[in-house]
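Chain by chain, the residues:
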Amino acid sequence: MDIALFDFDGTITHQDTFTQFVKTAIPKRRQKWGRIILAPSIVGYRLGFVSPSNMRQKIIKVGFRNVPTRLIEAQGRTHAENYIPTVLRPEALERIQWHKARGDRVVVVSASLARN
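Cut-offs used in this document
Residues numbered from 1 in each chain as written. Predicted model: local features only at pLDDT ≥ 70, side-chain atom pairs only at ≥ 80, totals over all residues. Heavy atoms only, no water. Axes fitted to C-alpha atoms, helices over the stretch in contact; angles between N-to-C directions. Helix = DSSP H or I, 4+ residues; strand = E, 2+ residues; numbered from the N terminus. Parallel < 35°, antiparallel > 145°, perpendicular 65-115°, else oblique. Left-handed = near helix turned anticlockwise from the far one by under 90°. Contact = heavy atoms within 4.5 Å. Phe/Tyr/Trp six-rings, centres within 6.5 Å; stacked < 30°, edge-to-face > 60°. Lys NZ or Arg CZ within 6 Å of the ring centre and 35° of its normal. Buried < 20%, exposed > 50% of the residue type's maximum accessible area, 1.4 Å probe, protein only. Pairing = 2+ DSSP bridges. Arc of directions from axis to C-beta.

1. Describing the packing of helix α2 (residues 18-25) against helix α6 (residues 69-82)
- Viewed as axis vectors pointing N to C, α2 and α6 meet at an angle of 125°, and their least axial separation amounts to 11 Å. Overall, the two elements α2 and α6 adopt an arrangement that is oblique. Considering the relative orientation of α2 and α6, their crossing is right-handed. Within the contact between the two elements, α2 uses Q20, F21, T24 and A25 and α6 uses I72, Q75, G76 and H79.

2. What about the packing of aromatic side chains?
- Enumeration over the complete set of coordinates arrives at one aromatic pair.
- Directly above the ring of W98 sits R95, whose terminal nitrogen or CZ lies 4.1 Å from the centroid.

3. Examining the pairing of strand β1 (residues 3-7)
- Alternating residues of β1 divide into A4 and F6, all buried, and I3, L5 and D7, none buried.
- In this structure, β1 lies alongside strand β2 (residues 105-109), joined through five bridges in parallel fashion. Residue F6 lies in a different strand from β2, and its bridge partner there is V108.

4. Some thoughts on α2
- Considered for burial, the residues of α2 that qualify are F18, F21, V22 and A25. Within α2, the buried residues cover an arc of 100° as seen down the axis, which keeps them to one side.
- Elements that come into contact with the buried residues of α2 comprise α1 (8-12), α3 (28-37), α5 (52-63) and α6.

Below is the structure:
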């Protein structure tokens, strides 16, 4: 048995899924306030001083502050059921099935929220 590692965004999917989740899961009003609160970090990100991972962490912290975990999990399930299937790469799914048929262990990885 081999281990097959697949990156999620950009390998299994044809686009980033984090941004769409944020846009649908965080209320518009909180998004507007978040842009104001995070303005210095956004500028730093665009200039290359703030890493993508760090920026994602900041967005999650501001966007979901004081939101019950059960609500975030429900939004995540909805996102996974309704949005994710629309951005999957058929060729990636075929390759995953190929590995599974061989008895390989398939592991999906993501660096999206890795700590620096």
